[in-house]
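Spelled out, the chains give:
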Amino acid sequence: MNARVIRKIRSGRGTFMGMEVLILHTVGRLSGQRRETPVAWFPDGEDSWLVVASGGANRHPDWHLNLLGRPERAAIELPGREVVPVTPHMLDGTERERAWRRVAAAQPRIESYQRKSARVYPVLRLTRR
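Residues numbered from 1 in each chain as written. Predicted model: local features only at pLDDT ≥ 70, side-chain atom pairs only at ≥ 80, totals over all residues. Heavy atoms only, no water.

Participant: Outline the overall build of the chain, supporting the account with residue identities and numerical values.
Facilitator: For the chain, the helix and strand inventory stands at 4 helices and 8 strands. Beginning at the N terminus, the succession of helices and strands in the chain can be written as α-β-β-β-β-β-α-β-β-α-α-β. What you see for the chain is a C-alpha radius of gyration of 14 Å, in line with the 14 Å of a compact globule of 129 residues. Along the first, second and third principal axes, the C-alpha atoms of the chain reach 30 × 30 × 30 Å. Of all 129 residues assigned to the chain, the portion counted as buried reaches 44%. Once local pairs closer than 6 in sequence are excluded, the contacts in the chain between residues at least 24 apart make up 64%. Looking at the chain as shown, the accessible area adds up to about 7200 Å², and 50% of this sits on carbon and sulfur atoms. Charge separation in the chain, taken as the distance between the mean sites of 23 positive and 13 negative side-chain charges, equals 7 Å. (Helix = DSSP H or I, 4+ residues; strand = E, 2+ residues; numbered from the N terminus. Rg over C-alpha atoms; globule rule 2.2 N^0.38 Å. Buried < 20%, exposed > 50% of the residue type's maximum accessible area, 1.4 Å probe, protein only. Contact = heavy atoms within 4.5 Å. Areas by Shrake-Rupley, 256 points an atom, 1.4 Å probe, with all protein chains shown as cover. Lys, Arg positive; Asp, Glu negative; His and termini not counted. Charge placed at Lys NZ, Arg CZ, Asp CG, Glu CD.)

As structure tokens, then:
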């Protein structure tokens, strides 16, 4: 499934299940291997994007752990565009709450997933390096 969504993004079509998606480039924190993961994103200014570490049942998804484990290797690929190096910033407190409200308003599905989870979904800002 991920490979099909990645092909779609690279061909310039960047939506999946009604959400805008990008390709998140990370490096495995243990393996050191390059990883590509389609992830929903939300605009956050001209050179930054919000992503939510949803899914993964009651544990954070591997891409989130890899992103934080090797933040200097992070990059994103928007539909039909070149790869852009980014720096991840974990949001907390008031900043996270403001971002979460914007995400939930744009995509209520994510909020319904959050209500079913035993963990709080991390919200991260990816900023162009």
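Participant: Summarise the nonpolar core; cite the residues concerned and give the values.
Facilitator: Leu24, Trp63, Ile76 and Leu126 are the most contacted members of the largest nonpolar core, which totals 16 residues. Counting residues per element, the ones that place at least two in this core are strand E2 (19-27), strand E5 (48-52), helix H2 (62-69), strand E7 (83-90) and strand E8 (123-128). The contacts of Trp63, once residues within four sequence positions are left out, are Leu24, Thr26, Thr37, Val39, Val51, Val52, Ala53 and Leu124. Of all hydrophobic cores here, the second largest spans 13 residues; its members include Met19, Ala99, Ile110 and Val123. (Core = buried A, V, L, I, M, F, W, Y, C linked by side-chain atoms within 4.5 Å.)

Participant: Tell me about H2, and name the residues and values.
Facilitator: Taken as a whole, H2 has its buried residues at Trp63, His64, Asn66 and Leu67. An end-on view of H2 places all buried positions within 165 degrees of arc, on one side of the element. Where H2 is buried, its residues touch E2, strand E3 (34-40), E5, E7 and E8. (Arc of directions from axis to C-beta.)

Participant: Can you break down helix H1 (residues 2-10) residue by residue, with the values?
Facilitator: For an α-helix, 3.6 residues make a turn, and residues three or four places apart therefore share a direction. Of all the residues in H1, the buried ones are Val5, Ile6 and Ile9. Taken end-on, H1 shows its buried residues confined to a sector of 100 degrees, consistent with a single buried face. Summarising the geometry of H1, the exposed residues directed more than 90 degrees from the buried face are Arg4 and Arg7. The inward-facing, buried residues of H1 contact strand E1 (15-16), E2, E3 and strand E6 (75-77).

Participant: I'd love a proper account of the environment of Gly28, names of residues and values included.
Facilitator: Relative to the elements of secondary structure, Gly28 occurs in the loop between E2 and E3. Taking the C-alpha atoms as reference points, Gly28 and Ala57, 29 residues apart in sequence, are found 20 Å from one another. Here Gly28 is in contact with Gln33, Arg35, Asn66 and Arg70, once residues within four sequence places are set aside.

Participant: Talk me through the pattern of salt bridges; I want residue IDs and the actual numbers.
Facilitator: Here the structure, examined in full by the defined rule, presents 8 salt bridges. Ionic pairing is found between Arg96 and Glu97, a salt bridge with its closest N-O pair at 3.3 Å. The exposure class of Glu97 is partly exposed, given its relative accessible area of 37%. Connected through shared salt-bridge partners, Asp44, Glu95, Arg102 and Arg125 make up one network. (Salt bridge = Lys/Arg side-chain N within 4 Å of Asp/Glu carboxyl O.)

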